[in-house]
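Descriptive analysis of the structure
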Amino acid sequence: MDKSYIWLIIAALGLGSFGLRFVFIGLIGDRSLPEWVLRHLRYTAVAVLPALIAPLVVWPAANGGETEPARILATLVTFALAYFVKNFLLSVFGGAATLFLGLWLF
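Structural notes, computed from the coordinates.

What follows concerns the pattern of salt bridges. Scanning the model with the defined rule gives two salt bridges in all. Two residues, R42 and E35, come together in a salt bridge whose shortest N-O distance is 3.6 Å. R42 gets classed as exposed once you look at its relative accessible area, which sits at 54%.

Here it is in C-alpha cells:
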C-alpha cells in the first residue's frame, strides 16, 4: 500500500469520528434530550461490552481461535460473581483467578 493512501484512510476515519462526536456534542450538547432517547442511551454500555468480550471468550486469538473450557469457566464465574455479589473488583479478580487456574489445570 502507498503511504499516502494509508494517511488518506486515517484522515477520513478521523473526520468521521469527529463528525459523529460533533453531532452529539456540538449540535445537541446544550439541549435536553427526550426521555426515550436517554432511556436508550443508558443501555449503550450494556450492549457494547458483551460484543467486545464475546469474541475473546468464544474465539480467542491466544490459541488460534479454538474455544477453551478455561475461558468459558472464567466467564461464567465472573458473571456469577457480578450478578450475586455485585462487586466489580471481586468479579474481575475472581474471573482472572479462575482463568489462570483453569489454564494451569487444563
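Okay, the layout of surface pockets next. By volume, the largest pocket amounts to about 510 Å³. Lining the largest pocket are 16 residues, and of these I53, V57, A74, T75 and T78 sit closest to its centre. Breaking the lining of the largest pocket down by element, the ones donating at least two residues are α3 (44-58), α4 (69-84) and α5 (88-105). When the residues that make up the lining of the largest pocket are grouped by side-chain class, the tally is eleven nonpolar, four polar and one charged. Counted as a void, the second largest pocket has a volume near 180 Å³. Considering the residues around the second largest pocket, the lining is formed by A45, V46, L49, P50 and I53. Looking at side-chain class alone, the lining of the second largest pocket contains five nonpolar, no polar and no charged residues.

Another aspect to go through is α5. For α5, which comprises 18 residues, the first-to-last C-alpha distance of 25 Å matches the rise-based estimate of 26 Å (1.5 Å per residue) to within 8%. Every buried residue belonging to α5 is among S91, G94, G95, T98 and G102, and all of these are buried. Viewed along the axis of α5, the buried residues span an arc of 100°, placing them on a single side of the element. When the buried face of α5 is taken as reference, the exposed residues oriented beyond 90 degrees from it are F93, F100 and W104.

Where α4 meets α5, the axes come as close as 8 Å, and the angle between the chain directions of the two elements is 160°. By the angle between their directions, the pair α4 and α5 is classed as roughly antiparallel. Where α4 crosses over α5, the handedness of that crossing is right-handed. On α5, the residues touching A70, R71, L73, A74, V77, T78, L81 and A82 of α4 are L90, S91, G94, G95, T98, L99, G102 and L103.

Reading the values: the criteria
Going along each chain's sequence as written, the residues are numbered from 1 onward. For this predicted model, a pLDDT threshold of at least 70 governs which residues receive local features, and a threshold of 80 or more governs which side-chain atom pairs are given and counted, while totals over whole chains, interfaces and linings are taken from all residues. To get the side-chain values, take all heavy atoms of the structure and skip hydrogens and water. Any Lys or Arg side-chain nitrogen found within 4 Å of a carboxyl oxygen on Asp or Glu counts as a salt bridge. Note on exposure labels: buried denotes an accessible area under 20% of the residue type's maximum, exposed denotes more than 50%, and partly exposed covers the range between, all computed with a 1.4 Å probe on protein chains only. Within this scheme a cavity is a closed region of a 1 Å grid, computed over the protein atoms alone, that accommodates a 1.4 Å probe without allowing it to escape, whereas a pocket is open but has protein on both sides within 12 Å along at least five of seven lines; lining residues each have an atom within 4 Å of a point. Grid points are joined across faces, edges and corners, and a volume is the space filled by probe spheres set on the points. Only DSSP runs of H or I reaching four residues or more are called helices, and only runs of E reaching two or more are called strands; each is numbered from the N terminus. Asp, Glu, Lys and Arg are counted as charged, while Ala, Val, Leu, Ile, Met, Phe, Trp, Tyr, Cys and Pro are counted as nonpolar; the rest, among them Gly, fall into the polar class. Given the number of residues in a helix, its expected span is that number minus one, multiplied by 1.5 Å. The arc in question is the one spanned by the directions pointing from the helix axis to the C-beta atoms. For helices, the axis comes from a line fit to the C-alpha atoms of the stretch in contact; other axes are also lines fit to C-alpha atoms, and the angle between any two N-to-C directions lies between 0 and 180 degrees. Each angle receives one of four descriptions, namely roughly parallel if under 35 degrees, roughly antiparallel if over 145, roughly perpendicular if within 65 to 115, and oblique otherwise. Rotating anticlockwise by less than a right angle from the far helix to the near helix defines a left-handed crossing, while the corresponding clockwise rotation defines a right-handed one. Pairs of residues are marked as contacts when any of their non-hydrogen atoms sit within 4.5 Å.

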